[in-house]
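# Commentary on secondary and tertiary structure
Spelled out from the first residue to the last, the chains are:
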Amino acid sequence: MTIAQPDLWKLYAMMLRSRLFEEAVSELWREGLISGEMHLGVGEEGIIAGIAAHLQEGDALALDHRGTSAMLLRGVDPVLLLKEMLGREDGLCGGWGGHMHLFSRPHLAASSGIVGASGPAGAGFALAAQQLRPGTAAVAFFGEGAMNQGMLLETLNLAAVWRLPLLLVCKDNGWAIATRSPQVTSGDLRERARSFGLPVASVDGRDVAAVWQLAREGLALARAGEGPTFLHATCTHLEGHFLGDLLLRLARREEMPPLWPLLRSAAGREGAGLSERLSGLQQVVALLRQAAGDHEGRENDPLPRARRQLADEARLTDLEQAIVDEVQSVVARALHEEEPAS
């Protein structure tokens, strides 16, 4: 039997398009043109591209608060996406959704800023696929923190009982905002999924080819009526939980920590003893070191890993320049096209 192989050029192009688009979003946010928190998927590109490459007409996507990349790679108009983030009336959702609540009816794709909400939404999409569009499937993306939400556990149960055509993708970056995930999550998430009778696969989300292969297998089972699969994919959020993440800024020494309150607390006469206070300060320093180690380094970035597998430098240069030009054109259009008259 011939084992299918991924098109690494296509996957790299998808990943780079996502990265450059989100870098453009980041720049607009830093310039103050996009307001509010901004949760990017920088570092998740291997997971998103490896799965999006398999999506077919009629498949559906239930997304979390980092839905930009999946929307883009699903084929949603990037100009409409960017206009939405800019709060414009001619944006994808009329400027009301921002980056966390994106909806595209033609693409059967929806995102939500509510942690864990992509689970029930994915089950609903999968139930519709099962009843109305046999042979199609749904994908639900969520972080490991969502696995502590009751509605997601209910999703795992119903998906298994009803044998829904659903690929459940847990993007595990090891952090719950500014807390290490093991400090707030007990046990093994893969074992939780297995306890519902779900097939479980694990993958390094930085390896787009490995994600592609496991997603292919999980979606094949879903389309054949064999029920859901749980895919646990590790990754690194290279920009932290959100743009301007304080923990990451401190770890990168982009901002000085508030030393005076810390020193005043350590030297105070009331409260915990000196040894306990020093222990607390040591824990803060250790946390900063962990943040720096987890978020820095090319080894945590899926793009260089994918690029190294492509040997034709001239072709790479042409491909990369074409995507740079494409993203620049999108930004120019989003910024300069006039909004329709009310």
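Preceding this paragraph is the structure being described.
Summarised in this report is the structure supplied together with it. (Residues numbered from 1 in each chain as written. Predicted model: local features only at pLDDT ≥ 70, side-chain atom pairs only at ≥ 80, totals over all residues. Heavy atoms only, no water.)

### A closer look at the overall build of the chain
The following threshold applies: For the purposes of this entry, the term helix denotes a DSSP run of H or I that reaches at least four residues, the term strand denotes a run of E that reaches at least two, and both are numbered from the N terminus. Throughout, exposure labels follow a simple rule: accessible area from a 1.4 Å probe, protein chains only, divided by the maximum for the residue type, with under 20% read as buried, over 50% as exposed, and the rest as partly exposed. Only the protein chains shown count as cover for residues, with accessible areas throughout obtained via the Shrake-Rupley method and a probe of 1.4 Å.
The secondary structure content of the chain amounts to 13 helices and 9 strands. Evaluated residue by residue, the chain yields a buried proportion of 48% over its 342 residues. For the chain, the accessible surface area stands at approximately 16,400 Å², while carbon and sulfur atoms represent 55% of it.

### Describing the nonpolar core
Convention followed: Residue types Ala, Val, Leu, Ile, Met, Phe, Trp, Tyr and Cys, when buried and joined through side-chain atoms within 4.5 Å, form a set referred to as a nonpolar core. For this analysis, residues touch if any pair of their heavy atoms sits within 4.5 Å.
Grouped together as the largest cluster of nonpolar side chains are 67 residues, with contacts concentrated most on Ile51, Leu82, Val139 and Phe141. Ranked by residue count, the leading element in this core is helix H1 (residues 8-30), at 12 residues. Once you skip the residues sitting within four places of it in the chain, Phe141 turns out to touch Ile47, Ile48, Ile51, Leu61, Ala62, Leu63, Asp64, Ser118, Val169 and Lys171. By size, the runner-up hydrophobic cluster in this structure holds 22 residues, among which are Ala60, Ala62, Ala138 and Leu198.

### Here we look at the pairing of strand S1 (residues 60-63)
Threshold: When DSSP finds two or more bridges between a pair of strands, those strands are recorded as paired.
Burial of S1 is two-sided: the residues Ala60 and Ala62 facing one way and the residues Leu61 and Leu63 facing the other way are all buried. Bridge analysis of S1 against strand S4 (residues 138-143) gives 3 bridges, and the strand direction is parallel. Looking at the pairing, Ala62 lines up with Ala140 of S4. In this sheet, strand S3 (residues 109-111) lies alongside S1 in parallel orientation, the contact comprising 3 bridges. For Ala62, the partnering residue across the bridge sits in S3 and is Ala110.

### Quick look at the packing of helix H2 (residues 45-52) against helix H8 (residues 208-223)
This is how it is decided: Here the axes come from fitting lines to C-alpha atoms, over the contacting stretch only for helices, and the angles between their N-to-C directions go from 0 to 180 degrees. Oblique is the label for any angle not covered by the other classes, which are roughly parallel (under 35 degrees), roughly antiparallel (over 145) and roughly perpendicular (65 to 115). Throughout, a crossing is termed right-handed when the near helix is turned clockwise from the far one, and left-handed when it is turned anticlockwise from it by less than a right angle. Under the scheme applied, nonpolar residues are Ala, Val, Leu, Ile, Met, Phe, Trp, Tyr, Cys and Pro; charged residues are Asp, Glu, Lys and Arg; polar residues are all the others, including Gly.
Interhelical geometry of H2 versus H8 gives an angle of 40° and a closest axis separation of 8 Å. By the angle class used here, H2 and H8 are oblique. Crossing geometry of H2 relative to H8 is assigned as right-handed. Touching Gly46, Ile47, Ala49, Gly50 and Ile51 of H2 are Val208, Val211, Trp212 and Ala215, all from H8. For the contact of H2 with H8, a count of residues per class yields 7 nonpolar, 2 polar and no charged.

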